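Listed here are the chains, written in short residue letters.
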Amino acid sequence: MRPRVNRLAAIETSGACRSPGQYLFREAVMSQTAADRIEQALARIEAAATVRTNAEQHLRQRHARLRSKVEEALTSIDALLARESAGPDQD
């Protein structure tokens, strides 16, 4: 890979470029080989996949905790209803 040179200052002073953003984009694309761009794309895909996997794992854990709390609440409600239907003498 060839060394990267910041040519922006020379271009801006010569007026050859309409906007620094246009030059930066063009220089970034031209200074990288196709293999470099593919490597960067793969890195972005892998990072996105990792984030998604972590989010799914977090969601599964959260769902399990919520399910457990709901089961506990329903068990308590069932016990309370059973006690109330048995009558006040059964306390």
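Residues numbered from 1 in each chain as written. Predicted model: local features only at pLDDT ≥ 70, side-chain atom pairs only at ≥ 80, totals over all residues. Heavy atoms only, no water.

**Student:** Describe in detail helix H3 (residues 34-86), supporting the description with residues and values.
**Tutor:** Its 53 residues place the ends of H3 77 Å apart at the C-alpha level, agreeing with the 78 Å of an ideal helix rising 1.5 Å per residue. Count one or two residues on from H3 and you reach Gly-87, which has phi positive near 110°. (Helix = DSSP H or I, 4+ residues; strand = E, 2+ residues; numbered from the N terminus. Expected span 1.5 Å × (residues − 1).)

**Student:** Any details on a nonpolar patch on the surface? Residues and values, ideally.
**Tutor:** A surface patch of nonpolar side chains, about 470 Å² in accessible area, is lined by Leu-66, Val-70, Leu-74, Ile-77 and Leu-81. Here Leu-66 lies in helix H3. You can call Leu-66 exposed: its relative accessible area is 53%. (Patch = residues over 30% accessible without salt bridge, like charges linked within 9 Å, V, L, I, M, F, W, Y side chains within 5 Å. Areas by Shrake-Rupley, 256 points an atom, 1.4 Å probe, with all protein chains shown as cover. Salt bridge = Lys/Arg side-chain N within 4 Å of Asp/Glu carboxyl O. Buried < 20%, exposed > 50% of the residue type's maximum accessible area, 1.4 Å probe, protein only.)

**Student:** A description of the confidence of the model for the chain should follow, citing residues and the corresponding values.
**Tutor:** Of the residues in the chain, 62% have a pLDDT of 70 or more, and the chain-wide mean is 79. No element of the chain has a lower mean pLDDT than helix H1 (residues 8-14), at 49, and none a higher one than H3, at 94. (pLDDT = per-residue confidence, 0-100.)

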